[in-house]
Each structure stands twice: as structure tokens, then as C-alpha cells.
Amino acid sequence: MKARVGTTTVSDWITVTQGMIDAFAEATGDRQFIHVDPVAAAATPFGGTIAHGFLTLSLMPALAASVPDAPMLADVRMGVNYGGDRARFLTPVRSGSRVRGHFKLLSFAEKQPGRFQQTTEFTVEIEGQEKPALIAEWISQIFV
């Protein structure tokens, strides 16, 4: 894994549906109209409903799981989120948009025997858009 520091992998595309947005709104209690009311959201500069920024960020595991030939350690017992150093929501994700993740491994180190920590730059690309939806630096710990 240390040899892969600086490399980027890319996930498959997924579609962010209104159903996903509505379910996220219910789960979080964030029912702001720009997410759940297509008629009212159409009158905004977004031109329709948009995904919550945190919904877009929460797609990280699903997008990571769809990376073909993703690098993995052998005998992983579990991986956990450790936190983020930064996250920026740059472009709204309209309902019905397709997104994919770019994962750049920034660092990888053994913190103690059997516990590794990796920092990844996670970028969400929106199909047909120049600017990404978000860029975040995310830290994970992996236990073997």
C-alpha cells in the first residue's frame, strides 16, 4: 500500500436519484425544499432538487466499493472512519445526475501492529460538469 501513495483509482458511475435524496432527508431531518420539493426547487438557481452535500459525502463507501481492482490489504478484519481534515462542497449534485469517485491515496502508515491509517483525497465528479461536486481529505483506519 505504501507503494501506491500518490496513485488514484476511479469508481463506477452511480445515479443520484430523488428517492435517495428523499430517504437521506428523512434519515437526517434535513427536509429543506431545495432537496425534496421539485416544484419549489425548480424556481431556484439550481433549476431542480439537489442532493444534500452530506449525502454526496456519504456515497464514499459505495463508490469505493465499485472501484475495479481496488488495492486491499490481506486479512482485513474491519475498517473504520477516523475523520476528515477538510471537505468542500463545490458544485451541487442535481437529482438524476451520475457521479463517480476519484480516490487518491495521500498517505498510508502502520500506527501499531495490525492497525493501519490511510488518508485519501476523495473527489466526486459529476458527469458533464467541469467542477467536482466535492473534494474531501478522509482518514480511515484498517485493522488486520
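Refer to the structure presented above.
Keep in mind it's a predicted model, so treat the numbers as computed, not measured. (Residues numbered from 1 in each chain as written. Predicted model: local features only at pLDDT ≥ 70, side-chain atom pairs only at ≥ 80, totals over all residues. Heavy atoms only, no water.)

### Details of the side chain of Thr56
- On the secondary structure map, Thr56 appears in helix 4 (residues 53–58).
- What Thr56 contacts, discounting residues up to four positions off in sequence, is Ala51, Val93, Phe122, Val124, Ala133 and Leu134. (Helix = DSSP H or I, 4+ residues; strand = E, 2+ residues; numbered from the N terminus. Contact = heavy atoms within 4.5 Å.)

### A closer look at the environment of Glu125
- Residue placement: Glu125 occurs in strand 5 (residues 115–126).
- For Glu125 and Thr8, which are 117 residues apart along the polypeptide, the C-alpha to C-alpha distance reads 13 Å.
- Side-chain polar atoms of Glu125 contact the side chain of His102, separated by 2.7 Å. (Polar contact = N/O pair within 3.5 Å; in protein donor to acceptor, adjacent residues only side chain to side chain.)

### Points about the pattern of salt bridges
- Throughout the structure, instances matching the rule amount to five salt bridges.
- Notably, a salt bridge pairs Arg31 with Glu26, separated by 2.9 Å at the nearest N-O pair.
- Here Arg31 falls in the partly exposed class, since its relative accessible area comes to 45%.
- In this structure Glu26 comes out as exposed when scored by relative accessible area, which is 52%.
- The closest approach of N and O atoms between Glu121 and Arg86, which form a salt bridge, is 3.5 Å. (Salt bridge = Lys/Arg side-chain N within 4 Å of Asp/Glu carboxyl O. Buried < 20%, exposed > 50% of the residue type's maximum accessible area, 1.4 Å probe, protein only.)

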